[in-house]
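Reading the structure
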Amino acid sequence: GPGRSHEGKCARPNWDSPMQFTMACVSYAVGLGNVWRFPYLCQMHGGGGFLIPYLLMLFLEGMPLFYLELAIGQKMRLGSIGAWTTISPYLGGVGLAGMVTSLYLCLYYNNINGWSFWYLFHSFQAVLPWSTCPLSANRTEPLEECRLATPTQYFFYRKTLNVAPSIEYNGGVHMGQALCLLLAWLMTYLFISNGVKSTGKVVYFTATFPYIVLSIYLIRGLTLHGAINGIVYMFTPKMEQLLNPTTWINAATQIFFSLGLGFGSLIAFASYNQYHNNFQQQAIIVTLINSFTSIFASVVTFAIYGFKATVNYENCLDRLRLLLMNTFSLEENLITQENVLEWVQKLNSSFPLEFAQIANKAENCDLDTELSTAVEGTGLAFIVYSEAITNMPLSQLWSVLYFFMLLIAGHGQHVGQR
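Rules of the game
- Residues numbered from 1 in each chain as written.
- Predicted model: local features only at pLDDT ≥ 70, side-chain atom pairs only at ≥ 80, totals over all residues.
- Heavy atoms only, no water.
- pLDDT = per-residue confidence, 0-100.
- Contact = heavy atoms within 4.5 Å.
- Helix = DSSP H or I, 4+ residues; strand = E, 2+ residues; numbered from the N terminus.
- Polar contact = N/O pair within 3.5 Å; in protein donor to acceptor, adjacent residues only side chain to side chain.
- Buried < 20%, exposed > 50% of the residue type's maximum accessible area, 1.4 Å probe, protein only.
- UniProt positions renumbered as here; feature names shortened; annotations may be inferred.

1. What to know about the confidence of the model for the protein chain
- Of the residues in the protein chain, 94% have a pLDDT of 70 or more, and the chain-wide mean is 86.
- Segment residues 1–9: pLDDT under 50, and 18 contacts once partners within four positions in sequence are set aside and those in other chains are kept.

Spelled out as structure tokens, the structure:
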């Protein structure tokens, strides 16, 4: 259990050790923002070039503000509202605003945790339910709604969320999701029921487990066909994006979002420290670990991106190849994936009238277009990753690992917001 300071009978409990506090900060700071928002921003704002404004903002705002919040909490030994009120009664509203923001974020994170439970439970099946479309009522063809989208999109929007056509439509309670949400809140209660005593033990697991899974995924990702295409795309900088003010704004907001600045949680965490704890060193360590994790998770994500984009690109080439062979009665071994685009140009110039008849069916297959399709947030976590997992051998194993990691990362951040 936590030690007790000797500053009176109502003394505040302490973390068992500086390491326990560091792990709590890592668990709080490292989470869903690293896994799904940072890779999206890299993709949107020039790949490796985005690291320049990101790292500048880390040293200009991230480290100083992280240090400031730890200093306030450790000095005042109070929660966010109490600490700001002690500094000045007029600043009590700052702590209150942070608490309200944390409340909203807790509601958001636990919804995500409920979805993670839903996907985790559905991973224990012989065939992953988002890998194929369900059959229509006549049992002869896939459902039209699923066929017009993809199996992963159908499972997320119809089976998981059961989205309504408009906000005026009441779709009723999704009982499966309601039970998963209840389970997520129960898990949260168990994590924080005894304050620092229970949270301090949990953070060792919530801080380290995502790294174990990401490392496993990195090894697996690098062995996937086409993974190198995604990694090359990530680290190829588009320096012209540095002239875009939105790039710098997103780098700054990502630092705030990822480190959890302004929510009051860091002040509360630091208030359980020993008075003379070296929080300066801890602030530097945690902020650097957080940024390293963002880059590390991006390499994993872009390896998966590269695999998925390559599979989609090659499937597109196969469909185009089949279309050309059927239309122009060509031999099967004449057109391959490697030369199909050359055959498109050749046939278009030699038989313009015949080619014009299939022009609307001939897809424009381009690997860069597949790689540049930016997806963030739930779309990345529950659609892109799910689709990539279905193409892997032993897909159930990778699905269980991934969604359990999301669950732990989400709860690690959520517990910090309590």
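Next, the rest of the story.
2. Some words on the environment of Tyr217
- Structurally, Tyr217 is set in helix 9 (residues 196–222).
- A sequence separation of 87 residues divides Tyr217 from Ile304, and the C-alpha atoms of the two residues are 8.8 Å apart.
- With residues near it in sequence (within four places) discarded, Tyr217 still touches Val300, Ile304, Tyr385, Ile389, Met392, Trp398, Ser399, Leu401 and Tyr402.
- A distance of 2.7 Å separates a polar atom in the side chain of Tyr217 from the backbone oxygen of Trp398.

3. Some points on helix 7 (residues 151–160)
- Buried within helix 7 are the following residues: Thr152, Tyr154, Phe155, Phe156 and Thr160.
- Once helix 7 ends, the next one or two residues include Asn162, with phi positive near 50°.

4. Observations concerning the UniProt feature "binding site: Na(+)" (unreviewed entry) in the protein chain
- This chain's UniProt record puts "binding site: Na(+)" (unreviewed entry) on Ala29, Val30, Asn34, Ser258 and Asn290. A maximum C-alpha distance of 8.9 Å among these annotated residues, which run over 262 residues, shows that they cluster at one spot.
- Along the chain, Ala29 falls in helix 1 (residues 18–29).
- On the accessibility criterion, Ala29 (0% relative accessible area) is buried.
- With respect to the secondary-structure elements, Asn290 resides in helix 13 (residues 279–328).
- For Asn290, the contacting residues outside a window of four places in its chain are Ala29, Val30, Asn34, Tyr54, Ser258 and Leu259.

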